[in-house]
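These are the residues of each chain, in order.
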Amino acid sequence: MKLICEAAKKAGILAKERFDKEHTIDTKTRVSDVVTEVDFACQKIIVDTILKHLPEAKFVLEEGNGDTTIPNAECIFVVDPIDGTLNYTHSLPYFAVSIARVDYGEITEAAVYLPMTDEMFYAKKGSGAFLNGTQIVNKNNPTLERSFLVTGWPYDESLFDWTLRTIEKLARVTQEIRILGSSAAELCHLACGKLDGYWEVGLKPWDTAGGVLIAREAGVVISGLTGDYDLRSGEIVAAVPSIHERLREILKEVRS
Ligand code: IPD
Ligand code: CA
Ligand code: CA
């Protein structure tokens, strides 16, 4: 098995074993930004597994020292040990383990594992995206009016208002909108055609690094709100080609 898949799977198995048990829950930036002892344990498994095979690896970790800077070097692993921790603490089975390899600022490999459904998503830059070994392509071609979209709720309260206004506006011109609570899982479900588009602001690099490569390799258009997608910006607009530009235009209008 590929190294990052092996690491994600090991961590995911632990998260599944401890799912529905009592957890030590600490809050970070706000009441919804939580971390459990399982996040730390999963992160350790991932780091140890990767270091065993690649001692030169460097890490950007959600449960690390808080540094989000991605060094301009090769063999950097951006890790979200449990993406969707709030769901996890409520025993809601929608969360993912996300690992992305970044070389000189470019995402080159990604594994996102959903332990509760045993879905392993994997992509290598230029080689397509895969779900449990089978290639996935999002061939959906909806109009905006028929599109099934998902967004996320930011931790930064100053972004609440904008997020609410985007939902207000888009709910009237699309099929419906979801907030599922794990950007990594949402991007993978967009990659395999269960969703048509996703937007969010206020993200950290580890939230999207894995899912972005998987979605992009599956034919999803990935951008920022105004320019290209940038791991550091925290903004993402990801959608199938038939709706991406219109979705982005509406989001930009709401912003101003
Ligand atoms: C969060 C999830 C959520 C998104 C938040 C993220 P976490 O990550 O991806 O869907 O809306 O912005 O921070 O804290 O559960 O790893
Ligand atoms: Ca997390
Ligand atoms: Ca996250």
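Quick look at the structure, then. (Residues numbered from 1 in each chain as written. Chains lettered and ligands numbered in written order. Predicted model: local features only at pLDDT ≥ 70, side-chain atom pairs only at ≥ 80, totals over all residues. Heavy atoms only, no water.)

Right, let's talk about the pattern of salt bridges for a bit. Applying the stated criterion to the full structure yields 18 salt bridges. For glutamate 63, the salt bridge is made with lysine 28, and the minimal N-O distance between the two is 3.0 Å. With glutamate 63 in the loop between β3 (58-61) and β4 (76-83) and lysine 28 in the loop between β1 (25-27) and β2 (34-36), this pair connects stretches of sequence that are 35 residues apart. The exposure class assigned to glutamate 63 is buried, which follows from its relative accessible area of 9%. A relative accessible area of 34% means that lysine 28 is categorised as partly exposed. Ionic pairing is found between glutamate 145 and arginine 246, a salt bridge with its closest N-O pair at 3.2 Å. Of this pair, glutamate 145 sits in the loop between β9 (134-136) and β10 (148-151) while arginine 246 sits in helix α7 (residues 241-255), placing them 101 residues apart in sequence. Look at the salt bridges and you will find they share partners, linking Lys28, Asp33, Glu62 and Glu63 into a network. (Salt bridge = Lys/Arg side-chain N within 4 Å of Asp/Glu carboxyl O. Helix = DSSP H or I, 4+ residues; strand = E, 2+ residues; numbered from the N terminus. Buried < 20%, exposed > 50% of the residue type's maximum accessible area, 1.4 Å probe, protein only.)

Around the calcium ion (ligand 3), the protein supplies Asp80 (OD), Asp83 (OD) and Asp207 (OD) as donor atoms, at distances of 2.1 to 2.2 Å. Binding-site remark: the calcium ion (ligand 3) is held by donors from one chain whose sequence spacing is D-x2-D-x123-D. A spacing of 3.8 Å is found between the calcium ion (ligand 3) and the calcium ion (ligand 2), which share aspartate 80 as a donor. One end of the pair, aspartate 80, is in strand β4; the other, aspartate 207, is in helix α6 (residues 205-217), with 127 residues separating them in the sequence. Exposure class is identical for aspartate 80 and aspartate 207. Each is buried. (Donors = N, O, S within 2.8 Å, 3.2 Å for Na, K, Ca; no water.)

Right, let's get into the sheet that holds β3. Pairing is mixed across the open sheet formed by 7 strands, whose spatial order is β3-β4-β5-β6-β7-β8-β9. The open sheet is flanked by β3 and β9, the only strands paired with a single partner. On average, each strand axis in the sheet is inclined to that of its neighbour by 25°, with strand direction left out of account. Inspection of the sheet shows β3 paired to β4 by 4 bridges, in the parallel sense. By the bridge assignment, phenylalanine 59 is partnered in β4 with phenylalanine 77. (Pairing = 2+ DSSP bridges. Axes fitted to C-alpha atoms, helices over the stretch in contact; angles between N-to-C directions.)

This brings us to the packing of helix α5 (residues 183-191) against α6. Closest axis-to-axis distance for the α5/α6 pair is 8 Å, and the angle between their directions is 5°. Taken together, the axes of α5 and α6 are roughly parallel relative to one another. On α6, the residues that touch Ser183, Ala184, Leu187, Cys188 and Ala191 of α5 are Asp207, Thr208, Gly211, Val212, Ile214 and Ala215. Across the contact of α5 with α6, the residue classes tally to 7 nonpolar, 3 polar and 1 charged. (Parallel < 35°, antiparallel > 145°, perpendicular 65-115°, else oblique. Contact = heavy atoms within 4.5 Å. Nonpolar A, V, L, I, M, F, W, Y, C, P; charged D, E, K, R; others polar.)

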